[in-house]
Amino acid sequence: MDDTPQVDPDYAEEVRRLAVERDALILAHNYQVPEIQDVAHHVGDSLQLARLAAASTASTIVLCGVHFMAESAKLLAPDRTVLIPDLGAGCSLADTITADQLREWKAEHPGAVVVSYVNTSAAVKAETDICCTSSNAVDVVNSIPAEREVLFLPDQFLGAHVQRETGRTNMHIWMGECHVHAAISGDQLVRRVKELPDAELLIHPECGCATSALYLAGEGVVPESHTHILSTGGMLTKARQLGSATVLVATETGMLHQLRKANPLADFQPVNPKADCKYMKMITPDALLRSLRENVFEVTIDADVAVRARRSVERMVELGGAPVPA
Ligand code: 13P
Ligand code: SF4
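Fair warning: this is a prediction, and the values are worked out from it, not measured in the lab.

Before going further, it helps to examine helix α4 (residues 67–76). Counted residue by residue, α4 has nine buried out of ten residues, so it is predominantly covered. Here α4 has its buried residues at Phe68, Met69, Ala70, Glu71, Ser72, Ala73, Lys74, Leu75 and Leu76. For α4, the elements touching its buried residues are β1 (24–29), α3 (46–55), β3 (60–64), β4 (81–83), α6 (122–125) and α15 (303–318).

Here the focus is the site of ligand 1. In the vicinity of ligand 1 lie 13 residues, with His29, Ser46, Ser134, His204 and Thr232 positioned nearest. Contacts to ligand 1 include Ser134, whose side-chain N or O atom sits 2.8 Å from an oxygen atom. Expressed as a share of its isolated accessible area of 300 Å², the protein-covered part of ligand 1 is 96%. Here the shell around ligand 1 is built from residues that sort into three nonpolar, eight polar and two charged.

Given two aromatic rings, one states the distance between the centres and the angle between the planes to describe the pair. For the structure shown, the criterion picks out one aromatic pair. Considering the side-chain rings of Trp105 and Trp174, the 5.1 Å spacing of their centres and the 65° angle between planes classify their relative orientation as edge-to-face. With Trp105 in helix α5 (residues 99–108) and Trp174 in the loop between β8 (171–173) and α9 (179–182), this pair connects stretches of sequence that are 69 residues apart. Each of the two residues, Trp105 as well as Trp174, counts as buried.

On to the sheet that holds strand β5 (residues 113–117). Ordered in space as β6-β5-β7-β8, the four strands form an open sheet in which the pairing is parallel. On the outer flanks of this sheet lie β6 (130–132) and β8, each paired with one strand and no other. Here the strands of the sheet are splayed against their neighbours by 25° on average, with no regard to which way each runs. By the bridge criterion, four bridges tie β5 to strand β7 (residues 150–153) in an arrangement that is parallel.

Ranked by size, the top nonpolar core spans 108 residues in total, and within it Ile26, Val115, Phe152, Ile203, Leu259, Phe268 and Leu288 carry the most contacts. In terms of residues, this core owes the most to one element, α4, which gives six residues. Sequence-distant contacts of Val115, that is, excluding residues within four places in its chain, are made with Ile130, Cys132, Val140, Val141, Ile144, Val150, Leu151, Phe152 and Leu153.

Moving on: the packing of helix α1 (residues 9–22) against helix α14 (residues 285–294). For any two helices packed against each other, the geometry is given by the interaxial angle and the distance between the axes. Relative orientation of the contacting elements α1 and α14 amounts to 25°, with a least axis distance of 9 Å. It follows that α1 is roughly parallel to α14 by the angle criterion. The way α1 lies across α14 gives a crossing that is left-handed. From α1, Tyr11, Glu14, Val15, Leu18, Ala19 and Arg22 reach across to α14, where they touch Pro285, Leu288, Leu289, Leu292, Arg293 and Glu294. For the contact of α1 with α14, a count of residues per class yields eight nonpolar, no polar and four charged.

Attention now goes to unusual backbone geometry. The omega torsion of the bond from Leu153 to Pro154 falls at -5°, within 30 degrees of zero and hence cis. For Pro154, the location among the structural elements is in the loop between β7 and α8 (156–166). Phi at Asp23 is positive, roughly 50°, even though this residue is not glycine. Tracing the backbone shows Asp23 in the loop between α1 and β1. Here Asp23 falls in the partly exposed class, since its relative accessible area comes to 38%. Its identity is not glycine, yet Asn295 carries a phi of approximately 60°, on the positive side. Checked against the element boundaries, Asn295 lands in the loop between α14 and α15. The class for Asn295 is partly exposed, based on a relative accessible area of 32%.

What counts as what
Residues numbered from 1 in each chain as written. Chains lettered and ligands numbered in written order. Predicted model: local features only at pLDDT ≥ 70, side-chain atom pairs only at ≥ 80, totals over all residues. Heavy atoms only, no water. Buried < 20%, exposed > 50% of the residue type's maximum accessible area, 1.4 Å probe, protein only. Helix = DSSP H or I, 4+ residues; strand = E, 2+ residues; numbered from the N terminus. Contact = heavy atoms within 4.5 Å. Near = heavy atom within 4 Å. Polar contact = N/O pair within 3.5 Å; in protein donor to acceptor, adjacent residues only side chain to side chain. Areas by Shrake-Rupley, 256 points an atom, 1.4 Å probe, with all protein chains shown as cover. Nonpolar A, V, L, I, M, F, W, Y, C, P; charged D, E, K, R; others polar. Phe/Tyr/Trp six-rings, centres within 6.5 Å; stacked < 30°, edge-to-face > 60°. Pairing = 2+ DSSP bridges. Axes fitted to C-alpha atoms, helices over the stretch in contact; angles between N-to-C directions. Core = buried A, V, L, I, M, F, W, Y, C linked by side-chain atoms within 4.5 Å. Parallel < 35°, antiparallel > 145°, perpendicular 65-115°, else oblique. Left-handed = near helix turned anticlockwise from the far one by under 90°.

In structure tokens:
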């Protein structure tokens, strides 16, 4: 059951009124606070939000998420105004690699295909051949001819997951991590599974426990058939199929709101109840209202960077992937 308080109807009405006035589409990531998720026009994972931005005809897109997501929206909808309600909403994972570092890495592996997770700056995307998100990373790497070396960045846990799924041996992985997901450990997962041995497990591939989960499943410590490594959008699809199960969720806690809405019969519990992304939580209801009222904060990308970065995001979107949420 979702016990989240209902969103204030006056606030919701004001947001929707301002959105109409500004011809704005409000997109929210699955980790946003419930008050933002519940007033947004669409809620989704990072690939779904990028595709929604590309498909939209609204003159303004308000991206309630972190900065790289707003940049992706701007890359795919360059003629639109893209706003983020707080410019400080960054991403510790995106910060683990700069464009200079990537250029140096590429120089060490001439001819390699660069695959960047969308959790990267536009400047890093400009040095990238094709982007991926957690929902399509395996497909993206599989689309690259087997004989080509791959540089995969910046998340080491997602990289390990992709390597396992594709069986690829010529793939080099950048050792970055997200502080929120790295803090969801294999030990915590095992402890929670011992408390709830029949629980289904929904695990984001960025988690520190994702690598251990499949190893533990192989060892029989956690049940293999109950272990699902999925993007935030994939978790929602799975949640709808789980009936009244008990479900352990290994990702940022904002996800629980959408999961409980998607399946009110199931009992969703966080593996780590402290897994909060402070950047995602910078987008408050007041910040969203201000963004709509004052037309702030506009996301811009240097034209030269944008041309090159757009190519890598467009290649990803062309490969298809997660369905766009209703
Ligand atoms: P998704 O692509 O699964 O939405 O994840 C984005 C993200 O930032 C995870 O921390
Ligand atoms: Fe970045 Fe981690 Fe926050 Fe996702 S949860 S936005 S990867 S810091």
